[in-house]
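Listed here are the chains, written in short residue letters.
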Amino acid sequence: MTCPVSPKLDFGGTTPYEDYVHASVLHGLQQQWSDDPREMSFLVITQVMELYFGLLCFEWRHAQGELRADDVRAAVRTLRRSELHMQALNAAWRPIARMTPAEFNSFRDALGEGSGFQSGRYREVEFLLGEKSRSLLVPHRAVPSQHDALEALLHEPSLYDDVLALLHRRGKPIPADVLTRDVSRGYEPNAEVEAVWADIYRDGPQDLLELGEALTDIAEEFTRWRHDHLLATRRSMGAKTGTGGSAGVAWLEKRAQRSVFPELWTARSHV
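Here the structure is a predicted model, which means the values were calculated and not measured.

S.K.: Is there a simple way to explain the UniProt feature "binding site: substrate" (unreviewed entry) in the chain in this structure?
M.R.: This chain's UniProt record puts "binding site: substrate" (unreviewed entry) on R108 and T243. Given a relative accessible area of 15%, R108 falls into the buried group.

Here you go:
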């Protein structure tokens, strides 16, 4: 039996590719509010970032299920995959970071009070990484369905909470007050958790060591995301007030100083 040399061209209307990807819907979502061609670049890149935020949330929720099932190796594979997504997400900053202040100003007014700080999906990313604060729900009150979803997520364990629960089930001495803490509050470093990670890095087991490294890679990429956001903002608008009325660079500098999964960094000093 010979294989056809040419692809099928006529599908009698739509195509299987369009039905699966919905490319025409995606390409119809770019609505410029100014005449400046640079706004299209900014808009598409921002929408790509939003898609990656959603993908990361999907992957980390999947990893949480694997951790709860005590399938560490599957969770590590999922986390490693998400790290590659984060690398692609971070690369999206490059075109924005190359805009001069004049170029950004040419369409900035079209944003009005719009700001990435108002992104519900990005807020999910932060909450899943343990960066929680009830005050961060305030920008989402105008969208009740989004606010309700984030309110529920605020009270659910973060990815790191599930990791610590797994370490406890594996016989590691995670303190009871860490396991029973109010998960709606941001995670704070704990010396006993630090000691557990130091012990894992000294003596294993290998699957928990790989879990620690996968989490560290994610934390590193998230730190890079925040740092690149800071640099892009500083380069395009200096110290001016942010588009959403925030302190702009000063706010981003404060956020960039925070580390997720903190004991994975400090434990290395004791190995």
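S.K.: Teacher, can you tell me more about the UniProt feature "binding site: heme" (unreviewed entry) in the chain here?
M.R.: UniProt records the feature "binding site: heme" (unreviewed entry) at H229, using the numbering of this structure. Considering the arrangement of structural elements, one finds H229 in helix α12 (residues 206-237). A relative accessible area of 24% places H229 in the partly exposed class. For H229, the residues in contact, after removing those within four places along its chain, are W93 and L252.

S.K.: Please clarify how the packing of helix α9 (residues 159-169) against helix α11 (residues 191-203) should be interpreted in this entry.
M.R.: In helix packing, the relevant descriptors are the interaxial angle and the interaxial distance, both defined with respect to the helix axes. Packing of α9 against α11 brings their axes to within 12 Å, and their N-to-C directions diverge by 65 degrees. What the angle tells us is that α9 and α11 run roughly perpendicular. Both α9 and α11 take part in a crossing whose hand is left-handed. Across from Y160, V163, L164 and L167 in α9, the residues of α11 making contact are V193, V196, W197 and I200. Class assignment of the residues belonging to the contact of α9 with α11 gives a composition of 8 nonpolar, no polar and no charged.

S.K.: Would you take a moment to explain the environment of R169 for this structure?
M.R.: Looking at the element boundaries, R169 is found in helix α9. Classification of R169 by relative accessible area gives partly exposed; the value is 42%. As a C-alpha pair, R169 and L209 span 40 residues in sequence and 16 Å in three-dimensional space. Apart from residues lying up to four places away in sequence, R169 is in contact with L67, R68 and D70.

S.K.: How should I be thinking about the pattern of salt bridges in this particular structure?
M.R.: Pairing between side chains of opposite charge can happen when their charged atoms approach one another. Summed over the entire model, instances satisfying the criterion amount to 19 salt bridges. For D70, the salt bridge is made with R169, and the minimal N-O distance between the two is 2.9 Å. You can see D70 sitting in the loop between α3 (38-68) and α4 (72-91) and its partner R169 sitting in helix α9, a full 99 residues away along the chain. Judged by its relative accessible area of 43%, D70 is partly exposed. The partner of K172 in a salt bridge is D199, and the shortest N-O contact between them spans 3.4 Å. Linking K172 in the loop between α9 and α10 (176-179) with D199 in helix α11, this pair joins segments that are 27 residues apart in sequence.

S.K.: Mind showing me how you'd approach the environment of D217 here?
M.R.: Mapped onto the elements, D217 comes out in helix α12. Each C-alpha atom, one on D217 and one on L137, is 27 Å from the other, the two residues being 80 residues apart in sequence. Those residues in contact with D217 that sit more than four places away from it in its chain are R80 and E83.

S.K.: For this particular structure, what's the right way to read the nonpolar core?
M.R.: The nonpolar side chains of soluble globular proteins are, as a tendency, buried together. Judged by nonpolar contacts, the single largest core of 61 residues is most densely connected at W60, L167, W197, L211 and F261. In terms of residues, this core owes the most to one element, α12, which gives 10 residues. Not counting the four nearest positions on each side in its chain, W197 is found in contact with Y160, V163, L164, L167, L208, G212, L215, E263, L264 and A267.

S.K.: It is not clear to me how α4 should be interpreted in this structure. Could you clarify?
M.R.: Given 3.6 residues to a turn, an α-helix orients residues that are three or four positions apart in the same direction. In this model α4 runs 29 Å from its N-terminal to its C-terminal C-alpha over 20 residues, within 8% of the 28 Å that 1.5 Å per residue would give. Those residues of α4 that sit buried are V72, A74, A75, V76, T78, L79, S82, E83, H85, M86, L89 and N90. On the buried face of α4, the contacting elements are α3, α5 (93-97), α9 and α12.

S.K.: Which parts of the structure should I look at to understand a nonpolar patch on the surface?
M.R.: On the surface, a nonpolar cluster with roughly 360 Å² of combined accessible area is contributed by V25, L26, L29 and L51. Accessibility expressed as a relative area gives 55% for L51, which makes it exposed.

S.K.: In this structure, what is going on with the packing of α11 against α12? I would like to understand it.
M.R.: Direction vectors running N to C along α11 and α12 enclose 120 degrees, while the axes themselves pass 9 Å from each other. Crossing handedness for the pair α11 and α12: left-handed. Contact residues: W197, I200 and Y201 in α11; L208, L209, G212, E213, L215 and T216 in α12. A breakdown of the residues in the contact of α11 with α12 according to their chemical character gives 6 nonpolar, 2 polar and 1 charged.

S.K.: Explain unusual backbone geometry here, please?
M.R.: Negative phi values dominate among residues other than glycine, just as trans dominates among peptide bonds. Omega for the bond connecting G204 with P205 falls within 30 degrees of zero, at 10 degrees, which places this linkage in the cis form. The topology assignment puts P205 in the loop between α11 and α12.

Rules behind the numbers
Residues numbered from 1 in each chain as written. Predicted model: local features only at pLDDT ≥ 70, side-chain atom pairs only at ≥ 80, totals over all residues. Heavy atoms only, no water. UniProt positions renumbered as here; feature names shortened; annotations may be inferred. Buried < 20%, exposed > 50% of the residue type's maximum accessible area, 1.4 Å probe, protein only. Helix = DSSP H or I, 4+ residues; strand = E, 2+ residues; numbered from the N terminus. Contact = heavy atoms within 4.5 Å. Axes fitted to C-alpha atoms, helices over the stretch in contact; angles between N-to-C directions. Parallel < 35°, antiparallel > 145°, perpendicular 65-115°, else oblique. Left-handed = near helix turned anticlockwise from the far one by under 90°. Nonpolar A, V, L, I, M, F, W, Y, C, P; charged D, E, K, R; others polar. Salt bridge = Lys/Arg side-chain N within 4 Å of Asp/Glu carboxyl O. Core = buried A, V, L, I, M, F, W, Y, C linked by side-chain atoms within 4.5 Å. Expected span 1.5 Å × (residues − 1). Patch = residues over 30% accessible without salt bridge, like charges linked within 9 Å, V, L, I, M, F, W, Y side chains within 5 Å. Areas by Shrake-Rupley, 256 points an atom, 1.4 Å probe, with all protein chains shown as cover.

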